[in-house]
Amino acid sequence: MQTSKEDERLILDSIEQFLERDVVPHAMELEHNDTWPAEIVAKMSELGLFGSIIEEQYGGLGLSCSTYAKIVERVSRVWMSLSGIFNSHLIMSSCVQRYGTEEQKKKWLPKFASGEMRGGIALTEPNCGTDLQAIRTRATKDGDGYRINGTKTWISNGIYGHCFAVLTKTDPDADPRHRGITLFLVEKGDGFKHSRKLEKLGYKGIDSAELLFEDCYVPKENIIGGIEGQGFKQIMGGLELGRINVAARGVGVAQASLDEAVKYAQQRSTFGKPIAEHQAIQLNVADMVTRTEAARLLTYRAADSYDKGERCDMEAGMAKLFSTEAALKNSMDSMRVHGGYGYSKEFPVERFYRDAPLLTIGEGTNELQRIIIARQLFARNPI
Ligand SMILES: Cc1cc2nc3c(=O)[nH]c(=O)nc-3n(C[C@H](O)[C@H](O)[C@H](O)COP(=O)(O)OP(=O)(O)OC[C@H]3O[C@@H](n4cnc5c(N)ncnc54)[C@H](O)[C@@H]3O)c2cc1C
């Protein structure tokens, strides 16, 4: 999908206005109280954010991944947690959009786009995250449908979300293992509920929870794409978008850390002059801005590949790896520029410092990204 420059400018302007008016005044308090931002979520629905990349024929905005990445970057500059609320939802949506049957698209996508039905992706289990083919959640045939049993953990939107793309094993003996993996769309209800809310270092406001499936009956129509054994491939496809999104979050956090450092360095004086005039501070911010710009370019490049329909696991992996490490480094460096005030809850830098590490873990750890990048590098350069 492509978005015209004019449409992109209009949507980014409305996002900036929303952030300034509805998020900036409340983010600090919501974050520190770890409050789920109900009013902001309602505004995000009005803006159409839950349907950003859903095609217009199904009620979405039909934005390109490139425009979507710019939205995520802007949101994360202000409060990264918000981007998780719509991104996990959009990975679920993109699995339906890319791999679902026409009936499934007509049934679910309009509700996903309006935000009437929100959700996320349920992959990780207590025993595995990186090695997803080792999942134990079972979907066993029962008449015209399936019974799902198992536990998922760390699921974003787990408490306030209504439905999830759930990765299951339909054939635990399959060889190779991925052939026995099936992705279901499951709504909360009998046999499917969330249990405890998980407490975290950062990424506050958004609900992370365990999901429990106990003999949960799901009709066979809820298999995404309608055929067993396609789930691993489908979720990997969805995660390409997810990785570009996490890269964009990294750009947002790296930029916000830089912005705060540049502001503070001109306000704070030591030894008779603003610290911005000390060379040690200048070297620091020069590295920060260079890192941020490089992260942005890698992210836009990956998004552009995605929009062109090219294979982009290597590009998305490089963008995710570099941008999230940039966010981590910039948040620490910004804290150093702030001295003692960087450690205070009255400044946003401590939040960037708590949020950034998650980016190196979610949507595939950075160790895994390096493995994906290296494999693709060799695959593209055989001798
Ligand atoms: C706040 C938060 C939100 C999350 N949201 C979701 C969500 O919405 N849905 C969802 O399904 N999951 C979610 N997750 C889970 C997340 O995706 C996993 O934590 C992540 O994939 C890593 O899995 P793991 O924690 O089991 O670590 P493990 O897989 O146990 O890995 C542990 C360490 O070993 C390394 N490692 C593993 N295998 C290899 C290898 N082959 N080579 C080299 N190093 C390796 C990893 O990089 C890591 O450093 C979330 C996690 C957090 C913290």
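Details of the structure are given in the entry above.
Criteria and thresholds
Residues numbered from 1 in each chain as written. Predicted model: local features only at pLDDT ≥ 70, side-chain atom pairs only at ≥ 80, totals over all residues. Helix = DSSP H or I, 4+ residues; strand = E, 2+ residues; numbered from the N terminus. Rg over C-alpha atoms; globule rule 2.2 N^0.38 Å. Buried ≥ 20, exposed ≤ 12 C-beta atoms within 10 Å, placed from the backbone. Contact = placed C-beta atoms within 7 Å. Near = placed C-beta within 6 Å. Nonpolar A, V, L, I, M, F, W, Y, C, P; charged D, E, K, R; others polar. Expected span 1.5 Å × (residues − 1). Bend = angle between axes of the 7 residues up to and from the residue. Core = buried A, V, L, I, M, F, W, Y, C linked by C-beta atoms within 7 Å. Pairing = 2+ DSSP bridges. Axes fitted to C-alpha atoms, helices over the stretch in contact; angles between N-to-C directions. Parallel < 35°, antiparallel > 145°, perpendicular 65-115°, else oblique. Left-handed = near helix turned anticlockwise from the far one by under 90°.

**What about the overall build of the chain?**
Secondary structure assignment for the chain yields nine helices and nine strands. Over its C-alpha trace the chain gives a radius of gyration of 21 Å, about what one expects of a compact globule, namely 21 Å for 383 residues. With the C-alpha coordinates of the chain rotated into their principal frame, the extents come out at 80 × 55 × 45 Å. Residue burial in the chain is summarised as follows: out of 383 residues, 51% are buried. Contacts spanning at least 24 positions in sequence make up 75% of the contacts within the chain whose residues lie at least 6 apart.

**Remarks on the site of the ligand**
In the region of the ligand, 22 residues are neighbours, and Leu123, Gly129, Thr130, Thr365 and Glu367 sit closest. Of all the secondary-structure elements, those providing two or more residues to the shell around the ligand are strand S1 (119–122), strand S3 (145–156) and helix H9 (366–380). Its residues placed into classes, the shell around the ligand shows 11 nonpolar, nine polar and two charged.

**Observations regarding helix H3 (residues 65–99)**
Across its 35 residues, H3 extends only 17 Å between first and last C-alpha, which sits more than 12% below the 51 Å expected from 1.5 Å per residue. Maximum bend of H3: about 135 degrees, positioned at tryptophan 79. With 32 of 35 residues buried, H3 lies mostly within the body of the structure.

**Details of the environment of arginine 375**
Checked against the element boundaries, arginine 375 lands in helix H9. Look at arginine 375 and you get partly exposed, because 13 C-beta atoms sit within 10 Å. Taking C-alpha positions, arginine 375 is 34 Å from aspartate 207, a pair spaced 168 residues apart along the chain.

**Some remarks on unusual backbone geometry**
Of note, the amide linkage connecting aspartate 175 to proline 176 takes the cis form, showing an omega dihedral of 0 degrees. Examined against the element boundaries, proline 176 turns out to sit in the loop between strand S4 (163–169) and strand S5 (181–187). Unusually for a residue other than glycine, tryptophan 154 sits at a positive phi of about 65 degrees. Within the secondary structure, tryptophan 154 sits in strand S3. Residue classification places tryptophan 154 among the partly exposed positions, given that 19 C-beta atoms sit within 10 Å.

**Re the nonpolar core**
With 106 residues, the main nonpolar core has Phe164, Ala165, Phe184, Val186 and Ile244 as its most contacted residues. Sequence-distant contacts of alanine 165, defined by excluding residues within four places in its chain, comprise Met92, Cys95, Ile121, Ala122, Leu183, Leu185 and Ile224.

**Details of the environment of proline 126**
Tracing the backbone through its elements, the reader meets proline 126 in the loop between S1 and strand S2 (138–142). For proline 126, a count of 12 C-beta atoms within 10 Å gives the class exposed. A sequence separation of 120 residues divides proline 126 from valine 246, and the C-alpha atoms of the two residues are 22 Å apart. Those residues within four positions of proline 126 in sequence are excluded, and the remaining contacts are Thr151 and Thr153.

**Quick look at the pairing of S3**
Summarising the sheet, S2 and S3 pair through five bridges and their orientation is antiparallel. The residue of S3 that forms the bridge with alanine 139 is isoleucine 148. A loop of two residues connects S2 with S3, the two strands running antiparallel in sequence, and glycine 143 in this loop sits at a positive phi of about 60 degrees. Taken together, the nine bridges between S3 and strand S7 (residues 208–219) define a ladder with antiparallel strand orientation. From the neighbouring strand, glycine 150 faces S7, where its bridge partner is phenylalanine 213.

**Overview of the packing of H3 against helix H4 (residues 102–114)**
Packing of H3 against H4 brings their axes to within 10 Å, and their N-to-C directions diverge by 155 degrees. Between H3 and H4, the angle falls in the class roughly antiparallel. Of the two elements, H3 crosses H4, and the hand of that crossing is left-handed. Judged by residue contacts, His89, Ser93, Val96 and Gln97 of H3 engage Gln104, Lys105, Trp108, Leu109 and Phe112 from H4. For the contact of H3 with H4, the per-class residue count stands at four nonpolar, four polar and one charged.

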